Amino acid sequence: MAAKPIRMETDVVIAGSGPGGATVARGLSKAGKKVIILEKGPWVKKVGNLMVFVKATENKGQLKTIEDDGSVVFSAKCVGGGSLLYMGAAADPQIDVWKKHGIDLTQYVAQAKKDCRVNKVPDHLIAPGVKRLVAAAHECGYPWQNLERFFDPAKCKLNCQKCITGCPAGSKWTAIEFVQEAEKNGAIVMPNVNVRNVIVENGTAVGMRARGKNGQEYEVYGKIVVSSAGGMGTARILQRSGIPEAGSWFIGDPTVSVTGFLKEGVGQVGELGISAGWHDEEHGVFFANAYTNRSMFMATQFMGPHKLRAIKNQFRFKKGMEIMCKVTDDFEGRVFYEEGKLSKRMTPRDLMRLDHGKAVAEKILTKAGCDPTSFEYTDNILGHPGGTARVGKLVDSNFQTQIKNLYCCDTSVIPEELGLPPMLTIVAFSLRMAQHLESVLSKK
Ligand SMILES: Cc1cc2nc3c(=O)[nH]c(=O)nc-3n(C[C@H](O)[C@H](O)[C@H](O)COP(=O)(O)OP(=O)(O)OC[C@H]3O[C@@H](n4cnc5c(N)ncnc54)[C@H](O)[C@@H]3O)c2cc1C
């Protein structure tokens, strides 16, 4: 006979501990509210090695879309969510877009930059290969510049290549820091607990139903219920809770990296990734230097269709230069709640933007001294799953759904196409969310 569900009570129950959930949990616990975070993934404490990627991603980081056109979705499954694995790039939110939806993020962006140590990459951390790329971009007329990152430049070990496996140097900010702050404030964090659905009574959300890895069922009751399970996870929780339209409007910021191999000299081997670049707003493409480390290079090369060339490229790895092109995409995808299913049709406009990005990247790489016959392209990586509970379509400007007391706070709420690193936007709107929920709770 199945064990009886464990019943728990709190002020706020949150599904997911990525930057959205962690920021809300930290804010509310600091204000003295009782918070429980239910997180589907594990704590990943030993960072700085490739196993982190295996332990902390859904589907080992390789969810193909139903269309099977080479698009692959990356989403995290661990305490801290995607922030454990992200590259640390910071881009300002599109303030005017959010204002159109009645949300002014200005003050929260400033706060987020302070709380999450967002700093512009100083010149001494721009390594020689990247300098070569920047000079080539300038010669081609593209205004590349040093970018902002979530990091402490003083602690950054230039060329350690470990941003993407968790930054053992402690330079990169991750949401784990906010989760730990919340714990110190009294919040309860429950890893390896998968939220299935929201408990709704008389049209009002009163809790979440979840299951631990060991099969133990939980019913966690809260005055406020927040889904921060990410662009894919939140869609699925809402669908199972009687909101079938959740999961529509999926965007993923399709990203292709173009690698070229230098005729002479050493390339960007292991240099600090996404340290310089440019947002071409007119064409909807964000460009940056992409090279991270040998393992990532191998992984992305072997994900592509040309396995023989991928083997050959391992021998000329040191001559490699790589540019990432991230484009703004149309709201054309759909997350289905059965685990592992996602539809994402690339529209003609998406493909045009990608083609433009690739052409510009090839031009810069050629100018930097790469052999134009050597170009390689990664698959189309959808690293920013979101838009599935859009503001204005599914949640209101306070991120409340049609079910009273049920809120969303993660990339799912992004109201319009993005095409930029979203982390700063997520932390900013989650700071605002925590403030709003504090005032809601004070009236209960
Ligand atoms: C490799 C990589 C590099 C990236 N680089 C950058 C970058 O440089 N800059 C940038 O701005 N962004 C970057 N991103 C994107 C960024 O990490 C994400 O956009 C961000 O983490 C999304 O935050 P979130 O809170 O919406 O969701 P997530 O971070 O996805 O967190 C959601 C959490 O909810 C949990 N969850 C899901 N379903 C359930 C459930 N049913 N029950 C309980 N818990 C659940 C998941 O396990 C996860 O921990 C990168 C992403 C990847 C994968």
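Describing the site of the ligand
Moving on, step 1. Neighbouring the ligand are 36 residues, the closest being Glu39, Cys78, Gly82, Thr411 and Met423.
Moving on, step 2. In this structure, an oxygen atom belonging to the ligand sits 2.6 Å away from a side-chain N or O atom of Glu39.
Moving on, step 3. The backbone of Cys78 places a nitrogen or oxygen atom 2.8 Å from an oxygen atom of the ligand.
Moving on, step 4. Here the ligand has 990 Å² of accessible area as a free molecule, and 93% of this is covered by the chains.
Moving on, step 5. Of all the secondary structure elements, the ones that give two or more residues to the shell around the ligand are helix 1 (19–30), strand 10 (193–201), helix 7 (230–239) and helix 11 (423–442).

Quick word on the sheet that holds strand 5 (residues 89–90)
Moving on, step 1. Pairing is antiparallel across the open sheet formed by three strands, whose spatial order is 5-8-6. With one partner strand each, in any of the chains shown, strand 5 and strand 6 (118–120) form the two edges of the open sheet.

Structural notes on the nonpolar core
Moving on, step 1. Among the nonpolar cores identified, the biggest contains 97 residues, and Leu38, Trp98, Phe150, Trp173, Phe399 and Phe429 are the most heavily contacted of them.
Moving on, step 2. In terms of residue count, the dominant contributor to this core is helix 11 (eleven residues).
Moving on, step 3. Setting aside residues no more than four positions away along its own chain, Trp98 makes contact with Pro93, Ile103, Leu105, Val391, Phe399, Val413, Ile414, Pro415, Thr425 and Phe429.

Quick notes on unusual backbone geometry
Moving on, step 1. Residue Gln161 is not a glycine yet carries a positive backbone phi of 70°.
Moving on, step 2. Checked against the element boundaries, Gln161 lands in the loop between strand 8 (148–150) and helix 6 (175–184).
Moving on, step 3. Positive phi, normally seen in glycine, also occurs at Ile274, with a value near 40°.
Moving on, step 4. Looking at the element boundaries, Ile274 is found in the loop between strand 13 (254–261) and strand 14 (276–280).

So, the environment of Ser442
Moving on, step 1. Note that Ser442 resides in helix 11.
Moving on, step 2. Look at Ser442 and you get exposed, because its relative accessible area is 54%.
Moving on, step 3. Residues Ser442 and Ile311, 131 residues apart in the sequence, show an inter-C-alpha distance of 61 Å.
Moving on, step 4. Polar contacts involving the side chain of Ser442 include one to the main-chain carbonyl oxygen of Ser439, which spans 2.7 Å.

Definitions and limits used
- Residues numbered from 1 in each chain as written.
- Predicted model: local features only at pLDDT ≥ 70, side-chain atom pairs only at ≥ 80, totals over all residues.
- Heavy atoms only, no water.
- Near = heavy atom within 4 Å.
- Polar contact = N/O pair within 3.5 Å; in protein donor to acceptor, adjacent residues only side chain to side chain.
- Areas by Shrake-Rupley, 256 points an atom, 1.4 Å probe, with all protein chains shown as cover.
- Helix = DSSP H or I, 4+ residues; strand = E, 2+ residues; numbered from the N terminus.
- Pairing = 2+ DSSP bridges.
- Core = buried A, V, L, I, M, F, W, Y, C linked by side-chain atoms within 4.5 Å.
- Buried < 20%, exposed > 50% of the residue type's maximum accessible area, 1.4 Å probe, protein only.
- Contact = heavy atoms within 4.5 Å.

By themselves, these observations are geometric and do not establish any function.
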